[in-house]
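Chains, contacts and geometry: an overview
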Amino acid sequence: MASVSLCMIVKNEEDVLERCLESAAGLVDEIIVVDTGSTDRTREIAARFTSQVYDFPWQDDFSAARNASFSYASMDYCLWLDADDVLLDVDQAAFRTLKETLDPAVSIVMAPYHTGFDENGRVTFSYYRERLIKNRAGMRWTGAVHEAVTPAGKILYADFAVTHRKTHPSDPDRNLRIYQAQLSAGKELDPRQQFYYGRELYYHRRWEDALAVFRSFLSDGRGWVENNIDACCHCAYCLHELGQADEALAALFRTFAYDRPRAEVCCEIGRWFFQKERYSHAAYWYALALTCPRDDRRGGFVSPDCYGYLPCIQLCVCSSRLGDQKRAELFNELAASCKPDDPAVLQNRAFFQSAPERPA
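Residues numbered from 1 in each chain as written. Predicted model: local features only at pLDDT ≥ 70, side-chain atom pairs only at ≥ 80, totals over all residues. Heavy atoms only, no water.

Regarding helix α12 (residues 309–321)
Heads up, the condition is: Elements are defined by DSSP. Helices are runs of H or I of four residues or more, strands are runs of E of two residues or more, and each kind is numbered from the N terminus. Expected span of a helix: the number of residues minus one, times 1.5 Å. Exposure classes here rest on a 1.4 Å probe applied to the protein chains alone. A residue is buried below 20% of its type maximum, exposed above 50%, and partly exposed in between. It only takes one pair of heavy atoms within 4.5 Å for two residues to be counted as in contact.
In this model, α12 (13 residues) spans 19 Å end to end at C-alpha, consistent with the 18 Å of a helix rising 1.5 Å per residue. Of all the 13 residues making up α12, eleven are buried; the element is thus mostly covered by neighbouring parts of the structure. Burial in α12 covers these residues: Y309, P311, C312, I313, Q314, L315, C316, V317, C318, S319 and S320. Elements in contact with the buried residues of α12: α10 (263–275), α11 (279–291), α13 (325–338) and α14 (343–352). Within two residues after α12, G323 carries a phi angle of roughly 90°, on the positive side.

In structure tokens, the structure reads:
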């Protein structure tokens, strides 16, 4: 059986750390907590679970802190979690099975990271992350922000997922501040960091700056295909905010130069036409979204709703606007098969059973 070191970096996490450690403590062989300057009860809580609590002065560099946490590990593999992560019961069981059967030749175990949820707890945003990294195999974290370990060797895609459950917002300016400090110091961002710098600018509603960074990232030609596709989408979002609708649509179409259509992109194109009240065109793209295969193992960001619920509920509305109520009702029921208790589904169903008005 493989042995596992849980390696964490924390700062002022008293509200979530116990929840995280309780979900993982029974799965791992040692727990390492590196504290980067807590002033609350974080260290006290960590000490209930492990004697290996270490100080590490914060350097505005997440990779430096994660590499420090890995340096204390003595087991076969290192598992990383953030303090506001949790392993649900079903994922704990899957993790135990993996641990019992893991081939020692595996260097990296990739696992889904669930980070977005609807009001009923269904996953709305997910992507694979490197979750178990073979210890002492020469792999290190890189990137001061949005840090990552470049996968190498034999890679396994696991069934267990990590669920990200925030209870309070983190410093919204921290990541952008780190990037800007690096740039002011003359550091050149690598393609991955340039991509995430653009996203930070976007989050801060700096549309023109974000657009310039994404365009530079794409023109450089060194980006990973999934990041290229996402960068095109963010160009579209920025152009939309800047009132350049036609250019936004062109940016979405640019994604097709990198790979086959993603359902997320098709839904965005459908939304563009829908907002123009060009319902037959919108319906075409929403229907195309339903034909796109979902492949989380590509590693990109995945919005599960785009592979079922969202195209169906929008096809319901498009069909109604086009005067085909029978087809609209059919698509509403298909949406219901994805989300039976969704308010839009219930509202539409009530409409179809009563007055001949358009569904919301």
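With respect to the packing of aromatic side chains
Quick reminder of the rule: When two rings of Phe, Tyr or Trp (its six-membered ring) have centres within 6.5 Å they constitute a pair, described as stacked for plane angles under 30 degrees, edge-to-face for angles over 60, and tilted for the intermediate range.
Counting across every chain of the model gives 25 aromatic pairs. Each ring, one from Y54 and one from Y72, has its centre 3.7 Å from the other, and the planes form 0°; the classification is stacked. Remark: Y72 occurs in the loop between α3 (62–71) and β4 (77–80) and Y54 occurs in strand β3 (residues 53–55); sequence separation between them is 18 residues. Of the residues examined, Y72 reaches a relative accessible area of 33% and is grouped as partly exposed.

Quick look at the nonpolar core
Under the convention used in this document: To form a nonpolar core, buried Ala, Val, Leu, Ile, Met, Phe, Trp, Tyr and Cys residues must be joined to one another through side-chain atoms within 4.5 Å.
One finds L6 and F160 to be the most contacted residues of the largest nonpolar core, which totals 115 residues. Leaving out residues up to four positions away in the same chain, F160 has contacts with L87, D91, A94, F95, L98, V109, A111, P112 and R131.

So, the pattern of salt bridges
Counted only if it meets this: A pair is scored as a salt bridge if a Lys or Arg side-chain nitrogen falls within 4 Å of a carboxyl oxygen belonging to Asp or Glu.
The tally for this structure, following the rule as stated, stands at 24 salt bridges. Ionic pairing is found between R48 and E18, a salt bridge with its closest N-O pair at 3.6 Å. Here R48 is found in the loop between α2 (42–47) and β3, whereas its partner E18 is found in helix α1 (residues 17–24), with 30 residues between them in sequence. Judged by its relative accessible area of 46%, R48 falls in the partly exposed class.

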